[in-house]
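What the coordinates show
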Amino acid sequence: MTFQELSTNSQDYLKVLWDLREWSDKAVQPTDLARKTGMKPSTVSGAMARLTTQGLVTHAPYGDIILTPLGEQYALKMVRRHRLLETFLVEKLGYRWDEVHKEADQLEHAASDLMIERIDESLGHPTKDPHGDAIPGPNGEMDEDKSILLTAAPEGAKIRIERVSDEDSKLLRFLQQQGLSIDGTATIGKFTPYSDIVTLVLPSGANVVLGASAAERIRVTRLDDGNSPGQA
């Protein structure tokens, strides 16, 4: 099964599987995939059966879904397309970072390999997209991600924003309005007992209050503890 022979739905499933593992160490279950895609569990099960037959995932009934080496190769190809397109839309066409995710979802299937490589060249071969996500190289190579979830940073830690999930446009607009962007710095404020709230104290002294669902969409590195990125 070549990449070009895959349906757009199969390409999307592979990318979503990779995205889920990128943001979590937990094994991917069919229910996770159904929730992420908005598809019925029965639809997801059928799709996974096809991808298993094609040698792109391994999946026992009701078990974990794991990308095979070939499946991961194709998934990274889609991730590369998506993130290069997002970067192109922001840098060349003046889109905001909260406007590009859905546009890239549509364009990534229509763009040819030649177009993607020309876009990469015109951008100067960027290594990160507007949301701080690493852009895989032509062969799927990526720098190691040493960031941690914002929810894992302890009270009082000085942090730098490294990545924000591109899927929640409202969160992206909110962060922009609060003066938070990629490479922005802050300090983790005092925790409130029995609360899932995370407070960021900006260099200006302003506070930004985030719920757990928002904080789990942000990855950071710590600037304290001897400037050791990712140390919790």
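Anything mentioned here points back to the structure above.
All values reported here derive from a predicted model rather than from experimental measurement.

**Looking at the side chain of S10**
Take S10: it is sitting in helix α1 (residues 8-23). Given a relative accessible area of 11%, S10 falls into the buried group. Within the structure, the side chain of S10 is placed 3.1 Å from the side chain of S7, a separation counted as a polar contact.

**A short note on the nonpolar core**
Counting 24 residues, the largest nonpolar core has L14, L17, L33 and M48 as its most contacted members. Counting residues per element, the ones that place at least two in this core are α1, α2 (30-37), α3 (41-53), β2 (65-67) and α4 (69-93). Sorting elements by how many residues they give to this core places α1 first, with six residues. Setting aside chain neighbours within four positions, we find L17 in contact with V28, L33, M48, V57, I65 and L67. The next biggest cluster of nonpolar side chains, apart from the first, holds 23 residues, and it includes I148, I161, V208 and I218.

**Here we look at the environment of D168**
One can find D168 in the loop between β4 (158-164) and α7 (169-177). Look at D168 and you get partly exposed, because its relative accessible area is 26%. Distance from D168 to K77, taken between C-alpha atoms, is 23 Å for residues 91 residues apart in sequence. Here the side chain of D168 touches L171 through a polar contact of 3.1 Å, landing on its backbone nitrogen.

**Notes on the packing of aromatic side chains**
Enumeration according to the criterion identifies one aromatic pair in this entry. For the ring pair F3 and Y74, a centre distance of 5.6 Å and an interplane angle of 65° mean the geometry is edge-to-face. Remark: Y74 occurs in helix α4 and F3 occurs in the segment before α1; sequence separation between them is 71 residues. Residue class for F3 comes out buried when judged on its relative accessible area of 6%. For Y74, a relative accessible area of 8% translates into the label buried. Positioned over the ring face of F3 is K77, at 5.2 Å from the centre of the ring. In this structure, R219 packs its charged tip against the face of W23, placed 5.9 Å from the ring centre.

**Quick notes on the pairing of strand β5 (residues 185-188)**
Regular strands show a simple pattern: their side chains alternate between the two faces of the sheet. Burial along β5 is one-sided: A186 and I188 are buried, and none of T185 and T187, which face the opposite way, are. Where β4 and β5 come together, three bridges link them in antiparallel fashion. Opposite R160, over in β5, you have T185 as the bridge partner. The pairing of β5 with strand β6 (residues 198-201) spans two bridges and is antiparallel. Bridge assignment links I188 to a residue of β6, and that residue is L200.

**Things to note about the pattern of salt bridges**
Enumeration over the complete set of coordinates arrives at 19 salt bridges. For D113, the salt bridge goes to K77, with nearest N and O atoms at 3.3 Å. In this pair, D113 sits in helix α6 (residues 113-122) while K77 sits in helix α4, placing the two residues 36 residues apart along the sequence. Overall, K77 belongs to the partly exposed group, its relative accessible area being 27%.

Basis of the calculations
Residues numbered from 1 in each chain as written. Predicted model: local features only at pLDDT ≥ 70, side-chain atom pairs only at ≥ 80, totals over all residues. Heavy atoms only, no water. Helix = DSSP H or I, 4+ residues; strand = E, 2+ residues; numbered from the N terminus. Buried < 20%, exposed > 50% of the residue type's maximum accessible area, 1.4 Å probe, protein only. Polar contact = N/O pair within 3.5 Å; in protein donor to acceptor, adjacent residues only side chain to side chain. Core = buried A, V, L, I, M, F, W, Y, C linked by side-chain atoms within 4.5 Å. Contact = heavy atoms within 4.5 Å. Phe/Tyr/Trp six-rings, centres within 6.5 Å; stacked < 30°, edge-to-face > 60°. Lys NZ or Arg CZ within 6 Å of the ring centre and 35° of its normal. Pairing = 2+ DSSP bridges. Salt bridge = Lys/Arg side-chain N within 4 Å of Asp/Glu carboxyl O.

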